[in-house]
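# Topology and contacts: notes
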Amino acid sequence: MTTAFRIASSLTTETRPARALKLGVLTPHNPYDKRAFSGTVYHAVRALSDRSDLDLNILGPHQPVGLTSQLLRRRSPRFDPDILADDGSDFKGLDAIVGLVASPLLDRASQLTDLPLLHVTDATPGFLGELYGHDIPSENIEREARVVACCNPLYSSRVMAEQAVEEFGALAAHAQALPFGVNFTTLPNDLPVKSPLDRVELLFVGGNWKRKGGALMLAAFDRLRAKGVDAHLTLVGGVPSHLAGPLKRRSDVTLTGFLDKNRPRHLAKLQALFARAHLFVLPTRADCTPMVVAEALAHGTPVLATDVGGIAEMVGPGAGRTLPLTASPGTWATTIAEMTRDQMVYDMMADAATERTATHLNWDSWADGIVRTVMETALPRMARVA
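Reading the values: the criteria
- Residues numbered from 1 in each chain as written.
- Predicted model: local features only at pLDDT ≥ 70, side-chain atom pairs only at ≥ 80, totals over all residues.
- Heavy atoms only, no water.
- Helix = DSSP H or I, 4+ residues; strand = E, 2+ residues; numbered from the N terminus.
- Rg over C-alpha atoms; globule rule 2.2 N^0.38 Å.
- Buried < 20%, exposed > 50% of the residue type's maximum accessible area, 1.4 Å probe, protein only.
- Contact = heavy atoms within 4.5 Å.
- Areas by Shrake-Rupley, 256 points an atom, 1.4 Å probe, with all protein chains shown as cover.
- Lys, Arg positive; Asp, Glu negative; His and termini not counted.
- Charge placed at Lys NZ, Arg CZ, Asp CG, Glu CD.
- Salt bridge = Lys/Arg side-chain N within 4 Å of Asp/Glu carboxyl O.
- Patch = residues over 30% accessible without salt bridge, like charges linked within 9 Å, V, L, I, M, F, W, Y side chains within 5 Å.
- Pairing = 2+ DSSP bridges.
- Axes fitted to C-alpha atoms, helices over the stretch in contact; angles between N-to-C directions.
- Right-handed = clockwise from strand over helix to strand, strands pointing away.
- Core = buried A, V, L, I, M, F, W, Y, C linked by side-chain atoms within 4.5 Å.
- Left-handed = near helix turned anticlockwise from the far one by under 90°.
- Nonpolar A, V, L, I, M, F, W, Y, C, P; charged D, E, K, R; others polar.

Turning our attention to the overall build of the chain. Assigned secondary structure in the chain consists of 14 helices and 12 strands. Expected size for 386 residues packed as a compact globule is a radius of gyration near 21 Å; at 22 Å, the chain falls within 12% of this value. The 386 residues of the chain split such that 54% are buried. Long-range contacts, defined here as pairs at least 24 residues apart, represent 71% of the contacts in the chain between residues at least 6 apart. Carbon and sulfur atoms provide 51% of the accessible area of the chain, an area that totals close to 17,000 Å². Across the chain, 40 positive and 41 negative side-chain charges occur, with their mean positions spaced 7 Å apart.

Okay, the pattern of salt bridges next. The final tally for this structure, using the stated rule, is 18 salt bridges. Note that Arg-250 is salt-bridged to Asp-222, the shortest N-O span being 3.0 Å. In this pair, Arg-250 is assigned in the loop between α8 (241–248) and β9 (253–257) and Asp-222 in helix α7 (residues 214–226), connecting sequence segments 28 residues apart. We note a salt bridge from Lys-261 to Glu-295, for which the minimum N-O separation is 2.5 Å.

A cluster of acidic residues, Asp-342, Asp-347, Asp-351 and Glu-355, forms a negative patch on the protein surface. Along the polypeptide, Glu-355 turns up in helix α13 (residues 343–359).

On to the sheet that holds β9, then. Strands pair in a sheet through their backbones, by hydrogen bonds, and they do so in one of two ways: parallel or antiparallel. The strand order across the open sheet formed by 6 strands is β9-β8-β7-β10-β11-β12, and the pairing between neighbours is parallel. In this open sheet, the two edge strands, each paired with only one partner strand, are β9 and β12 (320–323). The average undirected angle you get between the axes of adjacent strands in this sheet is 20°. Relative to strand β11 (residues 303–306), strand β10 (residues 279–282) is paired through 3 bridges, and the arrangement is parallel. Along β11, the bridge assignment pairs Val-281 with Leu-304. Here α7 sits on the sheet and contacts β7 (200–206), β8 (231–237), β9 and β10; the angle it forms with β8, its principal contact strand, is near 170°.

This part covers the pairing of β11. Each parallel crossover has a hand, and the one from β10 via helix α10 (residues 291–298) to β11 is right-handed. In this structure, β11 lies alongside β12, joined through 4 bridges in parallel fashion. Residue pairing in the sheet places Leu-304 in a bridge with Arg-321 of β12.

Time to look at the nonpolar core. Grouped together as the largest cluster of nonpolar side chains are 85 residues, with contacts concentrated most on Leu-100, Leu-202, Leu-235, Phe-280, Trp-366 and Ile-370. If you tally residues by element for this core, the top one is helix α14 (residues 363–385), at 8 residues. Other than its neighbours up to four places away in sequence, Trp-366 contacts Ala-44, Leu-48, Leu-100, Val-120, Leu-178, Pro-179 and Phe-180. Within the second largest apolar cluster, 16 residues are counted, among which are Leu-26, Leu-59, Leu-94 and Val-147.

Before going further, it helps to spend a moment on the packing of α10 against α13. Working note: a packed helix pair is described by the angle between its axes plus the distance between those axes. Following both chains from N to C, one finds α10 and α13 inclined at 120°, their axes separated by 7 Å at the closest point. Taken as a pair, α10 and α13 cross one another with a handedness that is left-handed. In contact with Ala-294, Leu-297 and Ala-298 of α10, α13 contributes Ala-353, Thr-354, Arg-356 and Thr-357. Within the contact of α10 with α13, the residues separate by chemical class into 4 nonpolar, 2 polar and 1 charged.

This next bit is on a nonpolar patch on the surface. A surface patch of nonpolar side chains, amounting to about 330 Å² of accessible area, comprises Met-344, Val-345 and Met-348. Mapped onto the elements of the fold, Val-345 is located in helix α13. Residue class for Val-345 comes out partly exposed when judged on its relative accessible area of 41%.

With that out of the way, let us pick up the sheet that holds strand β1 (residues 21–26). Taken in spatial order, the 6 strands line up as β2-β1-β3-β4-β5-β6 in an open sheet, and their pairing is parallel. Edge positions in the open sheet fall to β2 (54–58) and β6 (176–177), since each of these has one partner strand only. In terms of strand pairing, β1 meets β2 through 5 bridges, oriented parallel. Following the sheet pairing, Leu-21 is matched in β2 by Leu-54. Relative to β2, helix α1 (residues 40–49) is tilted by about 145°, and along the sheet it contacts β1, β2 and β3 (96–100). Helix α5 (residues 138–150) rests against β4 (117–121) and β5 (152–155) of the sheet, and its axis sits at about 125° to β4.

Take a look at the structure:
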């Protein structure tokens, strides 16, 4: 039986407090780093901090990313839950706490405060174990069950909210779906003008070549070329060294290496690639809600991706297609050819892509959902202690 999950997205005419709500943010990922957790934490915090109805307090030792860290691709140290003060003083004056992919921190916080806690995440232990092949310790599963039970769980897709109910039963009955936004600071005001489909521009972005389906992408591209389709493939991210040399000698393939969103020139190049591409293709083997899908859609680029996690929900109707994990390179090639064969049909997909991010996958809507959830949980508490 499928559970109908409410999307916590729009504010209506709820009674608002006389002052801005004081909101604490707990996350192990540095919210000043556009690379951390694919930029999701950075943009989530930015969306909350831009609101006049919230007074935001980023908890923990996080610091802005320095130039040296950017150049050396250093990761910020993670936030150890033991740093939180035993007397709960870190949370003094707050109305609620939002945890961004922060199960250990929220578990610790629940022992120190009775403030409303929001658990924002994109996956469950069972999903990570089954699809990613991760070995999830039993204590982590028990911890996640505690967090789901004591917090307001907000998942990035309905698929994950349903997965939580399947794993945790009644403990997750209050789970909601709240889609993430697009992890770019600026987006095109108008639909990018793409070249004619006489030469199909394909884009693949993936830091993990194996998990993101890089080998399948290459095989599908070669099949597509063998069908007589004039196409060009741009690969962004890591490519195994034994493939990089031969690929660099091909005129129909371009390798860019890693592009760091913290660096303006890299960011501009990545956005230009999204705008130029006719299709964003992601034959991923395991994913939850990969934000590159939303980034492609925001640039009017239809998506062809594997139907895993919440990807089909992200793409939605009309903005692209998904294929099963079992799809062969030939099937991927045939589908690419079908999606780029008719200019009129393609233009409708491109329009649907930008519409998807305008109405569904955007950080303003996400922040609305956070505020509404905070109001539903914090206002009654504020009334009791007033």
